[in-house]
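Results of the structural survey
One letter stands for each residue in the lines below.
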Amino acid sequence: KPYNMMEVGPNGNNLASQSREIHPVDRMQRATGGSALDLDMVRRVYGSGLAMKLATERNMASRVGGRLPGLPQSNLMHDALSGRDLDLDFGDVLGGALAPRQYVPNVHAAMEQKLSL
């Protein structure tokens, strides 16, 4: 497997760090696939009150109206609540929904069309 500094850190390739035992929490997080906010785990560790609060926050964030018409949607609030805001993937680096565009939408015209003015 090639060396990935972002995954193992700057000292992850030396023999001293590889010979140490992995911390149990690190082992558990790597085994769960890195899902930051698994509601079942939160319910078992912190109780059902926090799990219900997190589920309600996620539900409210998914129902947010969003931006003005014509502008790209980002779902930043939902990503922050679900833990996906810390992930860096292909679309974040080389474009995607929020990439700079040549086309600048006419927000005023789009809002007038939405409100039937």
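Residues numbered from 1 in each chain as written. Predicted model: local features only at pLDDT ≥ 70, side-chain atom pairs only at ≥ 80, totals over all residues. Heavy atoms only, no water.

Examining helix α5 (residues 48-62)
The following threshold applies: Numbered from the N terminus, helices here are DSSP runs of H or I no shorter than four residues, and strands are runs of E no shorter than two. Helix span, as expected, comes to 1.5 Å for every residue beyond the first. Burial here depends on accessible area, computed with a 1.4 Å probe over protein chains only, as a share of the maximum for the residue type. Under 20% is buried, over 50% is exposed, and the range in between is partly exposed. Throughout, the arc means that of the directions going from the helix axis to the C-beta atoms. Contacts are assigned to residue pairs that have any heavy atoms within 4.5 Å of one another.
Under the 1.5 Å per step criterion, the end-to-end length of α5 is 21 Å for 15 residues, consistent within 8% with the ideal 21 Å. Considered for burial, the residues of α5 that qualify are Ala51, Leu54, Arg58 and Ala61. For α5, the angular spread of buried residues about the axis comes to 95°, placing them on one side. Seen from the open side of α5, the exposed residues pointing more than 90 degrees away from its buried face are Met52 and Met60. Against α4 (39-46) and α6 (76-82) lie the buried residues of α5.

Comments concerning the pattern of salt bridges
Pairing between side chains of opposite charge can happen when the charged atoms of each approach one another. So the rule is basically this: We count a salt bridge whenever a side-chain nitrogen from Lys or Arg sits within 4 Å of a carboxyl oxygen from Asp or Glu.
As enumerated under the stated definition, the model contains 3 salt bridges in all. Here Glu57 and Lys53 are joined by a salt bridge, their closest N and O atoms 4.0 Å apart. Residue Glu57 and its partner Lys53 are both found in helix α5; the two are separated by 4 residues, about one turn of the helix. Under the relative-accessibility criterion, Glu57 is labelled partly exposed at 27%. On the accessibility criterion, Lys53 (48% relative accessible area) is partly exposed. One salt-bridge network, in which partners are shared between bridges, spans Asp40, Arg43 and Arg44.

That is the geometry; function is a separate question.
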